[in-house]
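Residues per chain, in single letters:
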Amino acid sequence: MVERIPHDAPVLVIGLGRFGAATAGQLQRLDREVLGVDEDAHLVQKWSDRITHTVQADATSLEALRQLGAGEFSIAVVAIGSSVEASVLITANLVDLGVPQIWAKAVSQSHGKILSRIGANHVIYPEAEAGVRVAHLVSGRMIDFIEFDDDFAIVKMYPPKPIRGMTLAESGVRKKYGITVVGVKSPGKEFTYATAETAISDHDVIIASGKTRALDRFAALG
Ligand code: ADP
């Protein structure tokens, strides 16, 4: 049975480098209780007024983690890329302590594979994922891009010229380009779900969905 974790469960964040601090800071803004752990006293001090609890500790030590009450957390984030050994050891410790949901940052595919093998439930590749997103964003008129595992994506973008000044039925986007316009936001107006009669104008922003390759081609239309 999949264990249900309350949506307001406190989160243990290990490693307060750029990634860990950004994760902890945003969780805090979402009103989550956070325990941030780093072995670097300066970083612990730096974040102490912005994160609910911060503790200086070497998290590779199972004993140190026990003392922090790490086993009581239902969600932990291992945000260490500078030492693969530490990241792997800490993740293994959290698995041993029975933390049911472990998110871990990986710096390479092999690092990620090891993390998954030892029991991390979610492996994140921040640099690689950001690089892929940026490539999509710079090569067309996309403003934002979310890809699902199966080559399907949703993008926020400025409409390419061939579909402006007419309705979606007139431009035939779905048939011609193989993508679906989900909604449109015109300046100063509310977001609306798109229908065949929706007219697209120059300053609109659209949300489109479809196969990644089709969306890339569509976004590069100019
Ligand atoms: P980023 O690229 O996101 O800045 P880093 O991998 O450079 O991430 O940062 C890792 C952080 O984790 C550093 O602040 C470091 O002090 C901390 N860290 C590394 N090893 C341990 C450990 N064994 N216990 C606790 N914190 C650690």
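This structure is a prediction, so every number in the text was calculated from the model and none was measured.

Chemist: So what's going on with the packing of aromatic side chains? Residues and values would help.
Modeler: Per the counting criterion, the structure on display carries 3 aromatic pairs. Judged by centre distance (5.9 Å) and plane angle (45°), the rings of Phe-148 and Phe-152 are tilted. What makes Phe-152 partly exposed here is its relative accessible area of 34%. Consider the rings of Phe-191 and Tyr-193, whose centres lie 5.5 Å apart with planes at 90°: the pair is edge-to-face. Here Phe-191 falls in the partly exposed class, since its relative accessible area comes to 38%. The class for Tyr-193 is exposed, based on a relative accessible area of 66%.

Chemist: Could you give me a rundown of the nonpolar core, with the residues and numbers involved?
Modeler: Among the nonpolar cores identified, the biggest contains 25 residues, and Leu-12, Ile-14, Val-37, Leu-65, Ile-90 and Leu-94 are the most heavily contacted of them. Residue contributions to this core peak at 4 residues, all from helix α4 (residues 84-96). Once residues within four sequence positions are removed from consideration, Leu-12 is found in contact with Leu-35, Val-37, Ala-70, Phe-73, Ile-75, Ala-76, Val-77 and Leu-94. With 19 residues, the next largest nonpolar core counts Met-142, Met-157, Tyr-177 and Val-181 among its residues.

Chemist: Hey, could you go over the sheet that holds strand β11 (residues 192-193) for me, with residue numbers and the actual values?
Modeler: Spatially, the 5 strands line up as an open sheet ordered β7-β8-β13-β10-β11, and their pairing is antiparallel. Bordering the open sheet on either side are β7 (142-147) and β11, each of which pairs with just one other strand. Where strand β10 (residues 179-185) lies against strand β13 (residues 205-211), 6 bridges are found, and the strand directions are antiparallel. If you follow Ile-179 over to β13, its bridge partner there is Gly-210. Packed on one face of the sheet, helix α9 (residues 212-219) meets β7, β8 (152-157), β10 and β13 and runs near 140° to β13.

Chemist: Break down α9 for me, citing the residues and quoting the values.
Modeler: Inspection of α9 places Thr-212, Ala-214, Leu-215, Phe-218 and Ala-219 among the buried residues, and these make up the whole buried set. In a view along the axis of α9, the buried residues occupy a sector of 160°, so they form one face of it. Opposite the buried face of α9, by more than 90 degrees, sit the exposed residues Arg-213 and Arg-217. Buried-residue contacts for α9 involve α6 (126-138), β7, β8, α8 (173-177), β10 and β13.

Scoring rules and cut-offs
- Residue indices begin from 1 for each chain and proceed along its sequence in written order.
- Confidence filtering applies because this is a predicted model: local features only for residues at pLDDT of at least 70, side-chain atom pairs given and counted only at 80 or more, and all residues used for totals across whole chains, interfaces and linings.
- Side-chain measures were taken over the full set of non-hydrogen atoms in the model, leaving aside hydrogen atoms and water.
- Centres within 6.5 Å are what make two rings of Phe, Tyr or Trp a pair, Trp counting through its six-membered ring; a difference in plane orientation under 30 degrees is then read as stacked, over 60 as edge-to-face, and the rest as tilted.
- Relative accessible area decides the class of each residue, using a 1.4 Å probe on protein chains only: under 20% of the type maximum gives buried, over 50% gives exposed, and in between gives partly exposed.
- Throughout this description, the term nonpolar core refers to a set of buried Ala, Val, Leu, Ile, Met, Phe, Trp, Tyr and Cys residues connected via side-chain atoms within 4.5 Å.
- Numbering goes from the N terminus for both helices and strands, where a helix is a DSSP run of H or I of at least four residues and a strand is a run of E of at least two.
- The criterion used for residue contact is that any of the two residues' heavy atoms lie within 4.5 Å.
- Strands are labelled as partners when DSSP assigns at least two bridges between them.
- Lines fitted to the C-alpha atoms define the axes, with helices restricted to the stretch that makes contact. Angles between their N-to-C directions range from 0 to 180 degrees.
- Our arc is simply the arc of the directions from the helix axis toward the C-beta atoms.

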